[in-house]
Amino acid sequence: MGNRMHFLDVFARQRYAGNQLAVVEDAETLTDAEMQALAAEIGFSETTFVGGRSADGWAVRIFTPETELPFAGHPTLGTAHVIREQIAEGNPDTVQLDLAVGTVPVDVRRRDGRDTLWMTQQTPTFGATRSHAEVADALSLTRDTLHTEWPVQVVSTGLPALIVPLRSRAALSDIELDHQRAQTITNDVEARTVLAVCQEPRGADNDLAVRVFAPSVGVSEDPATGSANGCLAAYLAYHEVLGTDTVDVRVEQGYEMGRPSRLYLQAWGADEGITVEVGGSVVPVARGNLVGEA
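Residues numbered from 1 in each chain as written. Predicted model: local features only at pLDDT ≥ 70, side-chain atom pairs only at ≥ 80, totals over all residues. Heavy atoms only, no water.

Would you take a moment to explain the packing of aromatic side chains for this structure?
How two aromatic rings sit relative to each other is given by the distance of their centres and the angle of their planes. Across all of its chains, the model carries 4 aromatic pairs by this definition. An angle of 20° between the planes, with centres 3.9 Å apart, marks the rings of F126 and Y238 as stacked. With F126 in strand β9 (residues 125-130) and Y238 in helix α6 (residues 226-239), the pair connects residues that are 112 residues apart, well separated along the chain. Judged by its relative accessible area of 16%, F126 falls in the buried class. (Phe/Tyr/Trp six-rings, centres within 6.5 Å; stacked < 30°, edge-to-face > 60°. Helix = DSSP H or I, 4+ residues; strand = E, 2+ residues; numbered from the N terminus. Buried < 20%, exposed > 50% of the residue type's maximum accessible area, 1.4 Å probe, protein only.)

What is the right way to read the side chain of S227 from this model?
Within the secondary structure layout, S227 lies in helix α6. Leaving out residues up to four positions away in the same chain, S227 has contacts with F71, A72, G73, Q121, T157 and L159. (Contact = heavy atoms within 4.5 Å.)

Just checking my understanding: could you explain helix α5 (residues 179-188) for this structure?
Residues three or four positions apart in an α-helix share a direction because the helix packs 3.6 residues into each turn. Taken residue by residue, α5 has A182, I185 and T186 as its buried positions. End-on view of α5: buried residues confined to an arc of 95°, all on one side of the axis. Across α5 from its buried face, at more than 90 degrees, point the exposed residues Q180 and D188. Here the buried face of α5 lies against β9, α3 (132-138), β11 (161-165) and β12 (193-198). Within two residues after α5, E190 carries a phi angle of roughly 60°, on the positive side. (Arc of directions from axis to C-beta.)

What follows is the structure, given as structure tokens:
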């Protein structure tokens, strides 16, 4: 019998929405090359591998189809769900993950009538800015579609994202990523993802709409991205984009991909002391076992 494996939809309220995740147990039985090959075989934006438990929490590694990541949002929440429901004893209300970026606690709280997992991300750092014109070119947009009152800036809560404020949902829908230009602008500022955001969501009970692109790690577009949205929460608080340094919003993502997702963002504090939490629901889809050696 091989390693147990779970398929989940994260930041989803029903199956076949949100962001797909595979979680594999007993990671210590697999080599690095096997983990990377399995992540490529599955083809989801990320696959996680759960090892043993220590004082720092459950050891977890995260792989895209092309590379290993130190942190990612929906894999953190989805893996915590599996640990809580399938591995740990007693369904704990807090699960602590030991990731390459450090220890990340995940709590379970009720929100909108359902159990919601919340991760406290790393303290944000605010990095370089890019010109609105060059970023507009990379997204195949005109400069006037970007919200030039706010900067295009790199923010990191564990995985750096380039935050791009847009004026309308029409602009958000019109994005056609120029991969070469996007790689250039992100590589120059060491960003791993590009998050475009507008204040015109489709759903009346949502506050913001976003799209996220990560071609540098083999993900052309992502349907729900906890890491980049954590960076967005920090950006909104730091620049007081919503008129306050306290953030509590619902974000929709994935509609352009046919995988509608909802993420909850909270942030508070000032300057370099901002606290960021990102929450969402997890829906199990399938479970089974890897086949052992023939």
